[in-house]
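Chain by chain, the residues:
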Amino acid sequence: SGKSRPMRILQYVQNTAVQGDANSVISAVDSYCANVEWAMNVGDKKGEILDAVVLDVRPRWVLELGTYCGYSTMRIARLLPPGARLITLEMNHHYAQVAKQILGHAGLDSQVDLLVGASSALIPQLKKKFDMDKFDLVFIDHWKTSYLPDTKLLEECDLLASGTVLLADNVTCPGAPEYLHYVRNSPRYKSLYFPSQLEYLRVEDGMEKSVFLG
Ligand SMILES: O=C(NCCO)c1cc(-c2ccc(F)cc2)cc(O)c1O
Ligand SMILES: [Mg+2]
């Protein structure tokens, strides 16, 4: 049952995870997607790399591009210091609707602002909308062809500070070649590749961590 894959994931979470326990919601999504049907969450292996970066940066302001069902949103939000905020942008209304409910089940909706719309239209509005200046961490996991234009837009909107960390999913599979070339060759970034595997599969993937140098 459940008309869509995100809906089926939500139903499984509602039926098996402990309300208010983010780790049990994360585990429920991982067991469903590893054993019942694959879905494009960052997953548990790359999720540990994401966790390590969040804990290292201790960000006050986080931007996520691409919410999907809210899996990485939860991984980030559960590790944020008190008072920190995570803004996540999702183009697809249905994904956003499901993500809101999954975040609610995890009890993490107070740290998270989920906006629905095109990242290219929303990014220029963020400073004013949230009375903020720079992001400390950006997790990039939306349309792979949008990684580079949106990174340039973040620069143009003066949303990156010296030291801001960009962490990009899927730079090997499906791949983001233009983005990789840019961050690895621009003098304005120090970039490092973290090899891993595509979520729930024995296929190579990896994440690129790029520090903006100002
Ligand atoms: O498109 C993606 N995300 C944006 C959604 O609006 C995405 C795709 C895949 C993937 C798909 C199909 C395949 F064969 C391999 C990988 C994986 C991911 O982690 C992703 O984030
Ligand atoms: Mg991804």
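See above for the structure.
This write-up is about the structure you can find in this document. Bear in mind the structure is a predicted one, so any value in this text is a computation, not a measurement.

### Details of the overall build of the chain
Along its length, the chain carries ten helices and seven strands. For a compact globule of 214 residues, the expected C-alpha radius of gyration is about 17 Å, and the chain comes in at 16 Å, within 12% of that figure. Dimensions of the chain along its principal axes, counting C-alpha atoms only, are 50 × 40 × 30 Å. The buried share of the chain, reckoned over its 214 residues, is 54%. Sequence-distant contacts in the chain: of pairs separated by 6 or more residues, those separated by 24 or more amount to 72%.

### A look at the pairing of strand 5 (residues 160-168)
Here five bridges tie strand 4 (residues 135-140) to strand 5, and the two strands are oriented parallel to one another. The residue of strand 5 that forms the bridge with Phe139 is Leu167. Between the parallel pair strand 4 and strand 5, the chain is carried across by helix 8 (residues 147-156), and the sense of this crossover is right-handed. Sheet topology places strand 5 next to strand 7 (residues 204-212); four bridges connect them, and they run antiparallel. Within strand 7, the position partnered with Leu167 by the bridge is Lys209.

### So, the packing of aromatic side chains
Scanning the model with the defined rule gives five aromatic pairs in all. Here the aromatic rings of Tyr147 and Tyr179 are separated by 5.6 Å at their centres, their planes lie at 85 degrees, and the arrangement is edge-to-face. Taken as a pair, Tyr147 in helix 8 and Tyr179 in helix 10 (residues 177-185) lie far apart in primary sequence, 32 residues in all. Classification of Tyr147 by relative accessible area gives buried; the value is 0%. The exposure class of Tyr179 is buried, given its relative accessible area of 1%.

### Points about helix 8
Count 3.6 residues to each turn of an α-helix, and residues three or four apart come out pointing the same way. With seven of ten residues buried, helix 8 is to be regarded as a mostly interior element. Those residues of helix 8 that sit buried are Tyr147, Leu148, Asp150, Thr151, Leu153, Leu154 and Glu155.

### Things to note about the sheet that holds strand 6 (residues 189-197)
What the seven strands build is an open sheet, ordered 3-2-1-4-5-7-6; its pairing is mixed. Each end of this open sheet is capped by a strand with a single partner; those strands are strand 3 (112-116) and strand 6. Pairs of neighbouring strands in the sheet enclose a mean axial angle of 15 degrees, with direction left out of account. Packing against the sheet, helix 3 (residues 43-57) makes contact with strand 4, strand 5, strand 6 and strand 7, and its axis sits at approximately 145 degrees to strand 6.

### Regarding the pairing of strand 7
Counting buried residues in strand 7 gives seven out of nine residues, a clear majority hidden from the surface. One ladder, built from nine bridges, connects strand 6 with strand 7; its direction is antiparallel. Across the sheet, Tyr189 pairs through a bridge with Phe212, a residue of strand 7.

### Focus on the coordination of the magnesium ion (ligand 2)
Coordination of the magnesium ion (ligand 2) by the protein is provided by Asp141 (OD), Asp169 (OD) and Asn170 (OD1), with metal-donor distances spanning 2.0 to 2.2 Å. Expressed as a motif, the donor residue spacing for the magnesium ion (ligand 2) is D-x27-D-N. One end of the pair, Asp141, is in the loop between strand 4 and helix 8; the other, Asn170, is in the loop between strand 5 and helix 9 (171-175), and 29 residues separate them in sequence. Residue Asp141 is classed as buried on the basis of its relative accessible area of 13%.

### Overview of helix 10
Taken residue by residue, helix 10 has Tyr179, Leu180 and Val183 as its buried positions. The buried side chains of helix 10 occupy one side of the element, clustering within an arc of 95 degrees when seen end-on. For helix 10, the exposed residues lying more than 90 degrees away from the buried face are Pro177, Glu178, His181 and Asn185. Those residues of helix 10 that are buried are in contact with strand 4, helix 8, strand 5, helix 9, strand 6 and strand 7.

What counts and what doesn't
Residues numbered from 1 in each chain as written. Chains lettered and ligands numbered in written order. Predicted model: local features only at pLDDT ≥ 70, side-chain atom pairs only at ≥ 80, totals over all residues. Heavy atoms only, no water. Helix = DSSP H or I, 4+ residues; strand = E, 2+ residues; numbered from the N terminus. Rg over C-alpha atoms; globule rule 2.2 N^0.38 Å. Buried < 20%, exposed > 50% of the residue type's maximum accessible area, 1.4 Å probe, protein only. Contact = heavy atoms within 4.5 Å. Pairing = 2+ DSSP bridges. Right-handed = clockwise from strand over helix to strand, strands pointing away. Phe/Tyr/Trp six-rings, centres within 6.5 Å; stacked < 30°, edge-to-face > 60°. Axes fitted to C-alpha atoms, helices over the stretch in contact; angles between N-to-C directions. Donors = N, O, S within 2.8 Å, 3.2 Å for Na, K, Ca; no water. Arc of directions from axis to C-beta.

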